[in-house]
Amino acid sequence: MRAGDLVELVRAPAALTVLGDTLAGMATAPPPDLRPPRHALLPVASTCLYLGGMALNDYGDRDLDAVERPERPIPSGRVTPRQALAVGTGLVATGVVAAGAASGRRGLAVAVPLAACVLTYDLAAKDRPAGAVVMAACRGLDVLLGAAPGSLRTALPTAAVLTTHTLAVTALSRGEVHGTTRGVAGSAVAGTVAVAATTAVAAWRAPAGSPGGPTVRRVAALAATAGYVATCLPAQRTAAADRTAPAARTATRAGLQAMIPLQAAWTARGGRWASTAVLAGAVAAGRLLRRGRRQVSIT
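Residues numbered from 1 in each chain as written. Predicted model: local features only at pLDDT ≥ 70, side-chain atom pairs only at ≥ 80, totals over all residues. Heavy atoms only, no water.

Participant: Requested: an account of the pattern of salt bridges, with residues and values cited.
Facilitator: This structure, assessed with the given rule, holds 9 salt bridges. As a salt-bridge pair, Arg 72 and Asp 58 come within 3.7 Å of each other at their nearest N and O atoms. Taken together, the residues Arg 72 in the loop between helix H4 (62-68) and helix H5 (81-125) and Asp 58 in helix H3 (residues 41-60) connect sequence positions 14 residues apart. In this structure Arg 72 comes out as buried when scored by relative accessible area, which is 8%. Looking at Asp 58, the relative accessible area reads 2%, which means it is buried. Where Lys 126 meets Asp 61, a salt bridge forms, and the shortest distance between an N and an O atom there is 2.4 Å. Of this pair, Lys 126 sits in the loop between H5 and helix H6 (131-147) while Asp 61 sits in the loop between H3 and H4, placing them 65 residues apart in sequence. Each member of the pair Lys 126 and Asp 61 is classed as buried. Salt bridges linked by common partners bring Arg 2, Asp 5, Glu 8 and Arg 78 together as one network. (Salt bridge = Lys/Arg side-chain N within 4 Å of Asp/Glu carboxyl O. Helix = DSSP H or I, 4+ residues; strand = E, 2+ residues; numbered from the N terminus. Buried < 20%, exposed > 50% of the residue type's maximum accessible area, 1.4 Å probe, protein only.)

This is the structure we're talking about:
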């Protein structure tokens, strides 16, 4: 298996959209100067779980992809099913171990159910009615993984908005081959508006004890929220009007990319400027990757 095939199998560029889950969750935990260095492993754990899930997704879809997407690594013969299974399970296991190393039993209490949701979605629930809900739960648990060293309760609003957005993106992704419906795309539009409104209100009511001045935090969080809306809402509105497979794919891709400014809105709300800067860098890196000659799918 060549390196390029591995990158395509795990959708490596998509890792940029998951780094911010734990960073947003950590923004509700104790300030960085009160956390031990090992908590930096939480984004690593999150990324391993996500990339492993991508590999297992292709393993579970190998027969369907042979008909609908024969260019993908497994049906094209560039990666064997056994290799994909080994990569996927290995990365998921590494993610769970890293979570335990980062925050002990509290981290494992979130990472184990998260890994179970990943496996359930990829190998059993993806094509079932509950599939989108299981995927959304993965994203919400990923946010809570970042909050594991502190209070999970304080991270619930952050987890809720990321869960809601993921539910809409996952529902839209089911139309990438045969097209979507007005109801699904319209629900995605409504979900984006609701998520943006919730995030804006939360930004305005940022906790007084967070690092940084309240005005700066509000402005930064509201700017990131505006970036979130600008990234995904136009494509979702197009999908609601067009409903073709290309429109659904574009809206799905835009929804994934919009994860980053949404995460940044919540890190800025908490005054976690280093995390916000990392996410700004992820946006820039994503744009550079999309300008490359050969784009690797993130869906």
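Now that the structure has been shown, we can carry on.
Participant: Which residues make up helix H7 (residues 156-173), and what values do they have?
Facilitator: For H7, spanning 18 residues, the distance from its first C-alpha to its last is 25 Å, which sits close to the expected 26 Å at 1.5 Å a residue. Taken residue by residue, H7 has Thr 158, Ala 159, Val 161, Leu 162, His 165, Thr 166, Ala 168, Val 169, Thr 170 and Leu 172 as its buried positions. (Expected span 1.5 Å × (residues − 1).)

Participant: Let's hear about unusual backbone geometry: which residues, and what values?
Facilitator: You will see that Arg 11, though not glycine, has its phi angle at about 50 degrees, which is positive. Counting through the fold element by element, Arg 11 comes out in the loop between helix H1 (3-9) and helix H2 (19-26). Judged by its relative accessible area of 2%, Arg 11 is buried. Even without glycine at this site, Arg 243 takes up a positive phi of about 70 degrees. By the secondary structure assignment, Arg 243 is in the loop between helix H9 (214-242) and helix H10 (245-257).

Participant: So what's going on with the packing of aromatic side chains? Residues and values would help.
Facilitator: Taken as a whole and assessed by the stated rule, the structure comprises 0 aromatic pairs. Above the ring of Tyr 59, the side-chain terminus of Arg 62 is found at 4.1 Å from the ring centroid. In this arrangement the basic side chain of Arg 218 is found over the ring face of Trp 204, its NZ or CZ atom lying 4.7 Å from the centre. (Phe/Tyr/Trp six-rings, centres within 6.5 Å; stacked < 30°, edge-to-face > 60°. Lys NZ or Arg CZ within 6 Å of the ring centre and 35° of its normal.)

Participant: I'd love a proper account of the environment of Ser 76, names of residues and values included.
Facilitator: Mapped onto the elements, Ser 76 comes out in the loop between H4 and H5. We classify Ser 76 as partly exposed; its relative accessible area is 34%. Residues Ser 76 and Ala 66 lie 10 residues apart in sequence; the distance between their C-alpha atoms is 7.9 Å. Within the structure, Ser 76 has its side chain in polar contact with the backbone oxygen of Arg 72 (distance 2.8 Å). (Polar contact = N/O pair within 3.5 Å; in protein donor to acceptor, adjacent residues only side chain to side chain.)

Spatial relationships are all this shows, so hold off on functional conclusions.
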